Amino acid sequence: MFNAASTPRVEEMPFSLDAYPGTALWDKVRAHITRCATDIARDQKLLETQMGNMEEYCTKLANTVVNRCHEAKVQGDKLSALTGIKKQAERTGTALDDLLMSLEKLDPLLPETEQLGHIGNVTKYPALTKLLAARRAAEEAAERA
């Protein structure tokens with residue numbers, strides 16, 4: 001940086017300042033800052049891209065969750081409708097049992113040709129005679145057990 005002058009003059013200083021090392025240092029600093037700024041810009045661009053991708057993914061995920069919640073609600077509504085149907089079926093079953101018990105009590109009071117156990121009524125009331133026969137068989141099996 002400092003060089004001795006070959007022939008000092010009276011007006012000149014004995015040493016002169018060489019500008020090259022300072023200029024070279026500033027060039028290196030400028031190049032380093034440029035590289036750093038380029039790296040930062042590249043990283044920021046990459047982060048911007050990744051954030052965009054993440055936002056898109058989150059939006060799709062949120063839409064999927066909303067759609068599945070809606071589907072679950074629809075399925076829940078369908079199941080709640082089935083609960084009403086189940087209750088009505090239970091009431092119908094209870095009413096049918098009551099009706100069959102009443103028929104069994106009334107059957108002996110009818111004339112023999114009109115009783116459900118009569119051979120001629122098997123073809124006249126097939127479902128009813130079959131149902132009463134199955135009920136009697138179940139009652140007999142329960143009594144034996």
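The shown structure was predicted, so the numbers you read here are calculated from the model rather than taken from an experiment.

(A) The arrangement of helix H3 (residues 126-144) in detail. Taking 1.5 Å per residue, 19 residues should reach 27 Å; H3 reaches 27 Å between its end C-alpha atoms and fits that length. Listed as buried for H3 are Thr129, Leu132 and Arg135. Looking straight down H3, one finds that the buried residues subtend no more than 125° of arc, so they occupy a single side. Exposed residues lying more than 90 degrees from the buried face of H3 are Ala127, Lys130 and Arg144. On its buried face, H3 sits against helix H1 (20-106) and helix H2 (121-124).

(B) Just the pattern of salt bridges, in detail. Under the counting rule described, the total for this entry stands at eleven salt bridges. A salt bridge links Arg30 to Asp27, with the shortest nitrogen-to-oxygen separation between them at 2.9 Å. With a gap of three residues between them, Arg30 and Asp27 both fall in helix H1, about one helical turn apart. Within the structure, one salt-bridge network assembled from shared partners comprises Asp97, Glu104, Arg135 and Glu139.

Thresholds applied
Residues numbered from 1 in each chain as written. Predicted model: local features only at pLDDT ≥ 70, side-chain atom pairs only at ≥ 80, totals over all residues. Heavy atoms only, no water. Helix = DSSP H or I, 4+ residues; strand = E, 2+ residues; numbered from the N terminus. Expected span 1.5 Å × (residues − 1). Buried < 20%, exposed > 50% of the residue type's maximum accessible area, 1.4 Å probe, protein only. Arc of directions from axis to C-beta. Contact = heavy atoms within 4.5 Å. Salt bridge = Lys/Arg side-chain N within 4 Å of Asp/Glu carboxyl O.

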